[in-house]
Amino acid sequence: MKTSISVIGAGYVGLVIAACLAKLGNEVTLIDIDELKVNSIRNGVSPIYEEGLDELLRKVNMQVTTDYEKTLTSKIIMLCLGTPSDEGGINLNDIAEASTTLAGILKRRQDYCVITIKSTIAPGTTEGLIIPALEKSGKKAGKDFGVCMCPEFLREGKAIHDFMNPARIIVGEHDRTSGDIFCQLYEHFKASIMRTSLKTAEMIKLASNAFLATKISYINEIGNMCKQLGIDAYDVAKGLGSDDRIGNKFLNAGVGFGGSCLPKDLRMLIAKAKEINYQPRMLEEVLRLNDEQALRMLNLLRKHVQLKGAIIGLLGLAFKSGTDDVRDSRAIGIVEALLREGATVKAYDPLATKNFSRIFPQIEYVTVEQVLNSDAILILTECEEFNELDYKGKLVIDGRRIAKAREAGIYEGICW
Ligand code: UDX
């Protein structure tokens with residue numbers, strides 16, 4: 001069914017969802033408080049890099065605005081605001097503020113609408129924080145308006161593809177009617193829809209990302225042992241992954257996981273566990289292993305060069321290839337340590353240089369060829385172009401298994 005939808009928040013998730021829903025023929029309004037962002041999207045230019053997004057934005061017809069009043073007439077309102085980590089845990093300020101603004105709108109609405117949370121939040125947040133804020137309107141959830149929680153599983157860089165071809169759709173519903181109306185949005189999708197409670201949906205999202213993170217730390221731990229034992233972790237992963245109970249995905253050993261989701265969602269789950277007096281031993285270890293993994297690159301490097309005064313070249317600054325996102329990128333800890341130890345850093349990334357230079361204005365951003373002229377090269381993302389370089393005679397520490405880099409004069413793989 002085609003319907004009228006407001007998407008609140010034009011970040012990595014909201015922008016993609018809004019554009020895809022508009023492409024499917026819905027009447028979409030995208031709302032964000034950042035005027036610069038809104039103007040850029042209106043002109044068909046995405047403020048973030050996402051494969052195919054600029055093209056899609058130029059094709060689709062949707063309203064983009066800073067004005068919440070537009071939600072007055074939408075049948076479905078989706079909250080796609082960020083829930084970043086901060087020192088005290090997860091920062092729910094934007095979500096809380098948007099819920100209060102929506103309460104002001106609900107007060108004036110005569111008709112029924114469904115408010116759906118897409119943001120990643122800890123189990124119990126929709127019932128404990130969002131619904132009470134919305135009900136300050138004097139309207140009642142389940143009677144005057146509906147509430148769903150539908151987590152997103154989009155991979156950055158592949159988000160349009162993932163939205164259009166979901167592996168599964170999870171819909172947490174406050175009540176049957178909320179779920180019935182929201183699920184109509186997905187009636188032409190091939191994927192199965194699992195309908196469940198609000199807090200189960202919230203937990204499914206966190207448990208999914210925590211599992212992926214665990215799989216990576218697991219193979220990295222095996223890989224660290226393999227390195228010492230003279231075994232190739234990728235051969236082990238091949239043998240391991242061909243058991244379909246285990247599966248061969250997310251078994252690429254390397255420098256570890258980053259991004260806006262895996263580390264943050266693990267931290268969110270750990271914080272929730274502690275709140276209920278449960279000690280999440282395995283989850284904590286997954287994070288610890290991941291932080292140490294990046295520093296292993298430096299231990300391998302120190303075997304070959306004295307860091308003080310050396311020029312170290314970095315290939316890849318984003319948290320993975322195909323994105324400009326540097327949130328929780330493994331490169332951050334590595335650059336901090338290199339600078340602390342007196343090295344000079346020259347870095348290249350095809351998409352993420354601008355974002356990385358906001359964190360480290362003091363390092364040099366150079367061409368890929370100039371990186372090759374460093375005393376040593378660290379490979380931190382799996383960019384295809386890194387597989388076309390000439391590494392002969394160089395010293396390379398590889399965190400992402402780039403086949404061509406094996407031709408280097410001195411080559412060290414992190415787990416092989
Ligand atoms: C992830 C989830 O995949 C997605 O479902 C969720 O909703 C959002 O978080 P994304 O953050 O885009 O998506 O990154 P993903 O492609 O999953 O990779 C996460 C990190 O793990 C990257 O740093 C990547 O380099 C690393 N990784 C991935 C590995 O180190 N080894 C692997 O085998 C796979």
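Scroll up to find the structure.
The shown structure was predicted, so the numbers you read here are calculated from the model rather than taken from an experiment. (Residues numbered from 1 in each chain as written. Predicted model: local features only at pLDDT ≥ 70, side-chain atom pairs only at ≥ 80, totals over all residues. Heavy atoms only, no water.)

S.K.: Report on the site of the ligand, specifying residues and quantitative values.
M.R.: Near the ligand there are 20 residues, and of these Phe 153, Glu 156, Asn 252, Phe 319 and Lys 320 occur at the shortest range. In this structure, Glu 152 approaches the ligand through a main-chain N or O atom, which is 3.4 Å from an oxygen atom. In this structure, an oxygen atom belonging to the ligand sits 2.8 Å away from a main-chain N or O atom of Phe 319. Look at the ligand: alone it shows 660 Å² of surface, and the protein chains cover 92% of it. With four residues, helix 8 (residues 198-229) is the largest single contributor of residues to the shell around the ligand. Counted by class, the shell around the ligand contains 10 nonpolar, four polar and six charged residues. (Near = heavy atom within 4 Å. Polar contact = N/O pair within 3.5 Å; in protein donor to acceptor, adjacent residues only side chain to side chain. Areas by Shrake-Rupley, 256 points an atom, 1.4 Å probe, with all protein chains shown as cover. Helix = DSSP H or I, 4+ residues; strand = E, 2+ residues; numbered from the N terminus. Nonpolar A, V, L, I, M, F, W, Y, C, P; charged D, E, K, R; others polar.)

S.K.: Go over the pairing of strand 7 (residues 114-117) with me, naming the residues and quoting the values.
M.R.: The side chains of a regular strand alternate, first on one face of the sheet and then on the other. Here strand 7 shows two buried faces, one formed by Val 114 and Thr 116 and the other by Ile 115 and Ile 117. Examined bridge by bridge, strand 7 and strand 8 (residues 146-149) share four bridges and lie parallel to one another. Opposite Thr 116, over in strand 8, you have Cys 148 as the bridge partner. At this point the chain moves from strand 7, through helix 5 (residues 125-135), to the parallel strand 8, and the crossover so formed is right-handed. (Buried < 20%, exposed > 50% of the residue type's maximum accessible area, 1.4 Å probe, protein only. Pairing = 2+ DSSP bridges. Right-handed = clockwise from strand over helix to strand, strands pointing away.)

S.K.: I'd like to hear about the packing of aromatic side chains, residue by residue, with values.
M.R.: Scanning all chains against the criterion turns up seven aromatic pairs. Aromatic pair Phe 163 and Phe 189: ring centres 5.9 Å apart, planes at 90°, arrangement edge-to-face. With Phe 163 in helix 6 (residues 159-164) and Phe 189 in the loop between helix 7 (176-183) and strand 10 (192-196), the pair connects residues that are 26 residues apart, well separated along the chain. You can call Phe 163 buried: its relative accessible area is 3%. A residue is classified by how much of its surface remains accessible, and Phe 189, at 14% relative accessible area, is buried. (Phe/Tyr/Trp six-rings, centres within 6.5 Å; stacked < 30°, edge-to-face > 60°.)

S.K.: Break down the pairing of strand 8 for me, with residues and values.
M.R.: Burial of the side chains of strand 8 extends over both faces: Gly 146 and Cys 148 are buried on one face and Val 147 and Met 149 on the other. The pairing of strand 8 with strand 9 (residues 168-173) spans two bridges and is classified as antiparallel. Considered in strand 9, the bridge of Cys 148 is made with Glu 173.

S.K.: Lay out a nonpolar patch on the surface with the relevant residues and their values.
M.R.: A cluster of nonpolar side chains, namely Met 225, Leu 229 and Ile 231, defines an oily patch on the protein surface of about 300 Å² accessible area. Relative to the helices and strands, Ile 231 resides in the loop between helix 8 and helix 9 (233-241). (Patch = residues over 30% accessible without salt bridge, like charges linked within 9 Å, V, L, I, M, F, W, Y side chains within 5 Å. Salt bridge = Lys/Arg side-chain N within 4 Å of Asp/Glu carboxyl O.)

This is a description of form; function is not addressed.
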